[in-house]
Amino acid sequence: VSRVIPVDTFDLVIFGGTGDLARRKILPGLFRRFCAGQIPSDARIIGAARGEMDNDAYREIVAEAVREFSGSHHCEDGTLEGFLEKLSYAHVDARGEDGWETLKQLMSRDGRIEAFYFSVAPGLFGDIAKRLHAHGMVSPTCRVVVEKPFGRDLQSARELNQTLAQHFDESQIYRIDHYLGKETVQNLMAVRFGNVLFEPLWNSQYIDHIQITVAETVGVGGRGEYYDRSGAMRDMVQNHLMQLLCLIAMEPPAKFDPDAVRDEKLKVIRALEPVMPHHVVRGQYMAGEDEDAHPDYRTAVGDPRSKTESFIAMKVNLANWRWAGTPFYLRTGKRMSARSSEIAVVFKPLPHTIFEDVEHGTNRNVLAIQLQPNEGITMDVTIKEPGPGGMRLIDVPLDMTFAEALGPEVEDPPDAYERLIMDVIRGNQTLFMRGDEVEAAWAWTDPIIAGWEARGDVPKPYESGGSGPVEADQLMARDGLIWREIT
Ligand code: BG6
């Protein structure tokens, strides 16, 4: 199943090469691609950061990160050494002149693909871009990769876009939203646009509502300082949930090419209606049973008066022909009962049922797309209960768990970062956010956040390990609905 499509050779510079993201995701991801045989033998990976160290010391840091974070992989003995040989280290000062010429020497500049990964605070994007430019390292074909948070509102996102635009063309900028790299997220597009079954029904005439849930069991952990300034809206909704919503709601693009796909996503964001205050529920988690291990949100972030939300549920409407009248319910939170991300497309009931058994089957189809864990798709259908009891109806899932359908190789699918980094090298921007998309997403979320601030909105407490505040259930109940169980 796992076909490895080779990529052209490259020089990849990772600014923030010793940082958390590099150690947890980027370098282990590259290692796994190396194990899969996808990294060309003469490719180079250069870690760049402020500290002084030699290549050996850097390789040691990377070796540790790979051992800790690359998970189960199919690598033979000695492979790690092979990977480490591709690595070198450059000490550069993003805000000064130190190290830039050395970095330039490390790159081969022989026409191969060059990519710069800005795994640093957004405040440094401009400094790094400016120096790359000044030292003649920006070529028309080089690529730059940036991470979220891409701004904290429309204004700051615009400024970041303008800063990058001074040095790079939009076609060179890869804004990562790692949810787009997840296997099943891409499958959303395959399912919708690769089958004749779904698309004719994919509208408000047949779909009652859609639920998008991204539940996590973790709390804010050691990221309290960052998180408390963001909250679930900025950290998850503005990017990850919004991207999922776009893929579900967008019109079929004319082809699977970066701008065709992103044009359609942008239209979805622009069609989002402003959200009414009573259509949003914010929550903050309480302490778990073991308070030392699982303190409450405010203790975790070290601010006893914090008004930042670690949970959000909202009802969202799209003002366009396809979706008017079909609400989207979004929900995401930390310290919930299970780690589970799911999109459930709930179809309308039958216009008329010919069966007398009204008690059992619901006469309602549900297409549930499980993003993680246990990637797969189920379709609830109503059938006759087997046996002689007459025409009694039951709902059963038509279950396609990918690992079962496709074999064990998909049990360990490439991590989102692996896929996205390889897409950067291939020059494929389809799974990356365009500047106008990010700005449109902020333009929609800004007034919601501003409303909370103006009203001094205080999040509702919710139980650790539960399904969020009771007000989130009431949000659904008002529409005669219930949330899908988080399992
Ligand atoms: C990140 C958020 O973007 O996504 C985190 O900053 C969150 O707060 C994470 O935990 C979730 O990603 P995943 O891949 O574990 O679902």
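Residues numbered from 1 in each chain as written. Predicted model: local features only at pLDDT ≥ 70, side-chain atom pairs only at ≥ 80, totals over all residues. Heavy atoms only, no water.

1. Some remarks on the sheet that holds strand β2 (residues 44–49)
- Pairing is parallel in the open sheet, where 6 strands are placed in the order β3-β2-β1-β4-β5-β6. Edge strands, defined here as strands with exactly one partner in the open sheet, are β3 (87–91) and β6 (173–175). Taken over all neighbouring pairs, the strand axes of this sheet differ in orientation by 20° on average, direction set aside.
- Sheet analysis places strand β4 (residues 113–118) next to strand β5 (residues 143–146), joined by 4 bridges and oriented parallel. By the bridge assignment for β5, A115 is matched with R143. (Pairing = 2+ DSSP bridges. Helix = DSSP H or I, 4+ residues; strand = E, 2+ residues; numbered from the N terminus. Axes fitted to C-alpha atoms, helices over the stretch in contact; angles between N-to-C directions.)

2. Describing the packing of helix α1 (residues 20–35) against helix α12 (residues 416–426)
- Contact geometry of α1 with α12 gives a least axis separation of 8 Å together with a crossing angle of 70°. The angle between α1 and α12 falls in the class roughly perpendicular. Packed against α1, whose contacting residues are L21, K25, I26, G29, L30, R32 and R33, the element α12 presents Y417, E418, I421 and M422 at the interface.
- Across the contact of α1 with α12, the residue classes tally to 6 nonpolar, 1 polar and 4 charged. (Parallel < 35°, antiparallel > 145°, perpendicular 65-115°, else oblique. Contact = heavy atoms within 4.5 Å. Nonpolar A, V, L, I, M, F, W, Y, C, P; charged D, E, K, R; others polar.)

3. Things to note about the site of the ligand
- Looking at the ligand, the residues that line it are K148, H178, Y179, K182, E216, R223, D235, M236, H240, K334, R339 and Q372.
- Within the contact set of the ligand, an oxygen atom lies 2.8 Å away from a side-chain nitrogen or oxygen of H178.
- Residue R339 places a side-chain N or O atom 3.3 Å away from an oxygen atom belonging to the ligand.
- No other element matches helix α8 (residues 224–249), which puts 3 residues into the shell around the ligand.
- Its residues placed into classes, the shell around the ligand shows 2 nonpolar, 3 polar and 7 charged. (Near = heavy atom within 4 Å. Polar contact = N/O pair within 3.5 Å; in protein donor to acceptor, adjacent residues only side chain to side chain.)

4. Regarding the environment of K255
- Within the secondary structure layout, K255 lies in the loop between α8 and α9 (258–271).
- Beyond its immediate chain neighbours, meaning those up to four positions away, K255 contacts A260 and V261.

5. Examining the domain arrangement of the protein chain
- In terms of domains, the protein chain is made up of domain 1 (10–147) and domain 2 (180–414 + 433–477).
- Averaged C-alpha coordinates put domain 1 and domain 2 at centres separated by 34 Å. (Domains from an automatic or database assignment.)

6. Concerning the side chain of T213
- Within the secondary structure, T213 is located in strand β7 (residues 207–215).
- For T213, the residues in contact, after removing those within four places along its chain, are R331, S340, S341, E342 and I486.

7. So, the packing of α8 against helix α13 (residues 435–455)
- At a minimum axis distance of 10 Å, the contact between α8 and α13 shows a crossing angle of 140°. Considered as vectors, α8 and α13 are oriented oblique to each other. Considering how the two elements wind past one another, α8 and α13 form a crossing that is right-handed. Across the interface between the two elements, M233, R234, V237, Q238, M242 and Q243 of α8 pack against E437, V438, A441, W442, W444, T445, I448, I449, W452 and E453 of α13.
- Its residues placed into classes, the contact of α8 with α13 shows 10 nonpolar, 3 polar and 3 charged. (Left-handed = near helix turned anticlockwise from the far one by under 90°.)

8. Digging into the UniProt feature "binding site: substrate" (unreviewed entry) in the protein chain
- UniProt feature "binding site: substrate" (unreviewed entry): in the numbering of this structure it lies at H178, K182, E216, D235 and K334.
- Structurally, K182 can be placed in the loop between β6 and α7 (183–194).
- Overall, K182 belongs to the buried group, its relative accessible area being 14%.
- Apart from the residues lying within four places of it in its own chain, the contact partners of K182 are R339, Q372 and A416.
- By the element assignment, E216 lies in the loop between β7 and α8.
- Setting aside anything within four residues of it in sequence, one finds E216 in contact with M236, G333, K334, R335, M336, A338 and R339. (UniProt positions renumbered as here; feature names shortened; annotations may be inferred. Buried < 20%, exposed > 50% of the residue type's maximum accessible area, 1.4 Å probe, protein only.)

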